[in-house]
Amino acid sequence: MPIGNLKLGLLILFIIFGFIAPAAADFRPLSDRAMRVWSAQHGLPHNSINHITQDSQGYLWLATWQGTVRFNGRTFTVFDRETQLPDAGSLFVGEHPYTHKVVASGARGGVAHYDPQSQQWRPLPRIFNRVDYVLFSNPECTWYGTVTNGVVRECDGLRRQFTVDEGLPSNTILHLAQDSHDRVWAGTDRGPAYFDHASQRFQVISALPNGRTFGIISEQQSGDIYLSVDRSLFRLSPDHLQPEPWPVTYPSTITELYQAPNDDIWVGTHEHGLTLLQSDAARMTTVDNGLPNNHILSIFADRENTLWVGTHRGLIQFRQAPFHSHRNEDGLGYDYVRALYPLHDGSLLVGGLGGIKRIKDEAVLPFAVDSQVQSASILTFAQDSARRLYVGTFTRGLYVLENGEERYHYDQNNGFPGNDVRSILLAADGYLYAATSQGVLRSRRSANGELEPPEYFGVAEGLPDEIIYAIHEAHNGEIWIGSMRGLSKLVNGSIERVDLSDVSNAEFIFGFHETSSHILIASDRGLLTYRKRTGTWQVFDEDNGLPFAKFFDVVLDHAGNLWLASGRGLLYVSAEHFDEALYDDDPATPVKATYYHSYHGLASAQVNTGGSPMLVDRNNHLWVATSRGVGHFIPEKFQVLQQSPPRPVIESVIADQESVAQSSYLSAETGRIEFQFAGLGFHYPEGIRYRVQLAGYDNDWVTPGTAQTRVAYTELPPGAYIFQVQAAYPEGQWSDAATFTFHKLPKLWQRPVVWLLTAVAVIVLIILAFRLRSYRLQRSKERLQKLVREQTKILEQLAHQDSLTGLANRRAFDELLRKKTAHAEQQQLGLVLLDLDNFKDINDRYLHTTGDKVLQRVARVTKTAARNSDMIARWGGEEFAVLISDTDESQLQAICERMRNALLQSDLRDLVPGMDVSASFGAALHQPGESAASLIRRADKALYQAKSKGRNRTELADAD
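Please read all numbers here as calculations on a predicted model, not as lab measurements. (Residues numbered from 1 in each chain as written. Predicted model: local features only at pLDDT ≥ 70, side-chain atom pairs only at ≥ 80, totals over all residues. Heavy atoms only, no water.)

Sorry, what's going on with the pairing of strand β13 (residues 158–162) here?
Regular strands show a simple pattern: their side chains alternate between the two faces of the sheet. As paired strands, strand β12 (residues 151–155) and β13 are joined by five bridges and run antiparallel to one another. Bridged to Glu154 within β13 is Arg159. Between the end of β12 and the start of β13, which pair antiparallel, lie two residues, with Asp156 showing a positive phi angle near 50°. (Pairing = 2+ DSSP bridges. Helix = DSSP H or I, 4+ residues; strand = E, 2+ residues; numbered from the N terminus.)

The structure is reproduced here in structure tokens:
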């Protein structure tokens, strides 16, 4: 082969495959994990995390310079003065493996034990000055490493000090450890030493250099001892203790060695972050990859295999979350990602505000191409069968790349208006369709990838607008177009508008996904679904229980599960639930969706628009373009996470503001009892679900809100109760229940003896009440009979009395008059009728209320002027009648005149100033045998004469 052709071939191979080779070399430990940072802004008392451990319950414990801290995943509980250490700051915290008490040591030699049952701290006598490390070698003995006074061993309460006089290379102790042969090792600032039980002295290994030894571990499987001296590591067999230098020297002093339960060994450094122990070159995770600080103080892996790292700027968590992100710090070079595309080799193309990159095997790799496209803002990708890559940009039009070179570049300068290309479709008809800000571009593709002069479909051709977001070729060859003002189709070269008004007011159409039966459309008003067989539409939005309804993209994974992307995160609907909703005739059928956001491992929950921002690769991994890199979801990892539910704990029980212990008896007066609980899971504690039940009160489990970690009960009846709480991750199984037992005592009246005495008393009271009732009924009967008689009398009086004046009414007067006239032969009777003069004027001028008062006054005056034996009655209106007994004509005349003058002289100024009143009188003497009607007629005739003769006078009636 000619040398020139050989060189050309090698060059092509390098271009094609050169960027693949670094994948393994560039893989960085922890790049496939989600990272989260806590600092003083989140509740930590201090940003320096000196030590980390986890107790038997599942709490995470931190040693900081401002106190010992307990962490449940949501809140930090700080113990400062409660520990009773000479100084609140702590340098070590760990659980005693034999007593399960938490032990904290401090800056002034203090040591304190915390009892989880009593939740109380107990201080121990001081151990010289600062205690940096504590080792529990067996149930009887504990070792303390001090900064200036060597090692102190405490066995059964007796302490012994070991210093350089007992073989230590230095009195400054940085670390303590125990190997598989039960040897105790001390790391000092002048190298390591181990304790020889036979000689009761520390022994140094002469083959090891002097230097700071912060890390010593005994490998769990082989028992080999790994220890650090400055920047170097050494491995020793526990049998012969011959050091073997590790082939890697680290860039700065090793400050921490830690072996996780899964046997991974982690190396922390002073200035260069941390990495996984490997025999090849160290690939460090540093501030360039998101660490807040490169000085590693502590490393710990909890029971969920979550890695925790302590630095001088906070606590870092690396967790196996459902999602992890590849960001600017991971080599992406930018954060704002708009486009993703799968390549044939299983790698992923990434486009955003900094050109094109590639991700393969969790490593971010450069994309080798000689083109200005690498400085452009990338919006979309497409690839043809010849593996030519078509790239749409935000301001530079469309690029065609092949074999690492730019073949063509199309923009407004060479006949392709609309430089922002948001989506590219390489259709089966041989055309390229592109979504631009000037409508849909269509250009025929040649065999070499070159594009013919384009034609555009815009408003003039029938589109609702020319801002195009997405283009999709349906299985039947129709081109579906999503724009800013609705949905359209290109069929046989013509635009057809799709009317959605019957189902939705959606306008922005962002993405498409097609199945054998449906076309799914992401819009600004929910997920639109088009059933191809029936031509019917359905929409899923807030009415179906979704937390939001603006979606930028939609995909189904290989299992048929639905994923919806939005600016607020991702929604996941299982295939089973989605199929049920899809074929339910009820438009408001509930859709059970799981909401994924930053707590689930996404560096940002904001998914961007682009072509396309979400895809499922051939391994069924989901990739998402966000404002902070590329989110990556691995279903297999999620299934592992779902297997272990978080352990629930009941953190406190408060009854009427007083703490309550397990199996307590509450007083009968207790009104409110409150339970605070937590699920000790750290994958994503904000997503933990809870359900509670108070056995003896609740009939079934009760589910509080996701953010609710306390429940309260008020006015419980007396009895025995068991409070239970279970925890679960989203879509995960429920944990075993944490329980709390208590009793509430009954009040005095709720006790059985009191009930019996009360029953007897009630029976006695019933008998007494019956007798008393009988007596009272008899008395009531007598009172009622008396009352009836009195009321009858009153009613009879009311029936014969005028209610206004208190005089007899006409009915009473008529009855008396008939009786009197029937026996008139016994005495002479006289009848007087009087009528107030001009009384109508008084009513009209001063109203009827004044008229009523005048009538009352007239009644009193008339009654006063008459004799006691005379009967006066109100005849009606302003007329009065007087029945006079034992009289004659002169007496009758005199009585009338006396009453008339009395009226004239009456003082009515208190009613109306200047008012006077007069009356006309008509009188008649009863004739023998005359009837009452005749007597009335003659008196009335006399009254009429008095009125006719000028009023205010008396007229006597003539005899008939």
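Could you clarify how one ought to interpret the packing of helix α7 (residues 839–865) against helix α8 (residues 889–905) in this entry?
In a pair of packed helices, the angle between the axes and the distance between the axes together describe the arrangement. Two elements in contact, α7 and α8, have axes whose closest approach is 9 Å; the angle formed by their N-to-C orientations is 140°. Classified by the angle their axes make, α7 and α8 are oblique. When you trace α7 past α8, the crossing you get is right-handed. Facing Val858, Val861, Thr862 and Ala865 of α7, the residues of α8 in contact are Arg898, Met899, Ala902 and Leu903. Partitioned by chemical class, the residues of the contact of α7 with α8 number six nonpolar, one polar and one charged. (Axes fitted to C-alpha atoms, helices over the stretch in contact; angles between N-to-C directions. Parallel < 35°, antiparallel > 145°, perpendicular 65-115°, else oblique. Left-handed = near helix turned anticlockwise from the far one by under 90°. Contact = heavy atoms within 4.5 Å. Nonpolar A, V, L, I, M, F, W, Y, C, P; charged D, E, K, R; others polar.)

Help me understand the sheet that holds strand β65 (residues 871–876), please; the structure alone is not making it clear to me.
Sheet strands pair by backbone hydrogen bonding; their relative direction is either parallel or antiparallel. Read from one edge to the other, the open sheet built from five strands follows the order β65-β66-β64-β67-β68, with strand pairing classed as mixed. Looking at which strands have only one partner, the edges of the open sheet turn out to be β65 and β68 (954–956). For this sheet the average axis-to-axis angle between neighbouring strands, irrespective of direction, equals 20°. Its contacts with the sheet put helix α6 (residues 810–822) on β64 (829–836), β65 and β66 (879–885), and the angle it makes with β65 is roughly 125°.

Help me out: how do you make sense of the pairing of strand β50 (residues 562–566) in this one?
Counting buried positions along β50 gives five out of five residues, so the element sits mostly inside the fold. Side chains Leu562, Leu564 and Ser566 of β50 all project onto a buried face; the interleaved residues Trp563 and Ala565 project onto the opposite face, where all are buried too. Bridging between strand β49 (residues 553–556) and β50 involves four bridges; their strand directions are antiparallel. Note that in β50 the partner of Val555 across the bridge is Trp563. Linking β49 back to β50 in an antiparallel pair, the connection comprises five residues, with Gly560 at a positive phi of about 85°. Relative to strand β51 (residues 569–573), β50 is paired through five bridges, and the arrangement is antiparallel. Following the sheet pairing, Leu564 is matched in β51 by Leu571. (Buried < 20%, exposed > 50% of the residue type's maximum accessible area, 1.4 Å probe, protein only.)

Please explain the UniProt feature "transmembrane region" (unreviewed entry) in the protein chain as it appears in this structure.
In the numbering used here, UniProt assigns the "transmembrane region" (unreviewed entry) feature to residues 753–772. In residues 753–772, the share of helix is 100% and the share of strand is 0%. The end C-alpha atoms are 28 Å apart. (UniProt positions renumbered as here; feature names shortened; annotations may be inferred.)

Please clarify how the packing of aromatic side chains should be interpreted in this entry.
Within a pair of aromatic rings, the relevant descriptors are the distance that separates the centres and the angle that separates the planes. Tallying each qualifying case throughout the model produces 55 aromatic pairs. Above the face of the Tyr59 ring, Arg70 is positioned so that its terminal group lies 4.3 Å from the ring centre. Residue placement shows Arg691 over the ring face of Trp701; its charged tip is 4.8 Å from the ring centre. (Phe/Tyr/Trp six-rings, centres within 6.5 Å; stacked < 30°, edge-to-face > 60°. Lys NZ or Arg CZ within 6 Å of the ring centre and 35° of its normal.)

I keep staring at the sheet that holds strand β15 (residues 184–188) and nothing clicks. Help me out?
Read across the open sheet, the four strands follow the order β14-β15-β16-β17; overall the sheet is antiparallel. Among the strands making up the open sheet, the edge pair consists of β14 (173–178) and β17 (201–204). In this sheet, neighbouring strand axes are inclined to one another by 30° on average, regardless of whether the strands run parallel or antiparallel. In this structure, strand β16 (residues 191–196) lies alongside β17, joined through four bridges in antiparallel fashion. Residue Asp196 lies in a different strand from β17, and its bridge partner there is Arg201.

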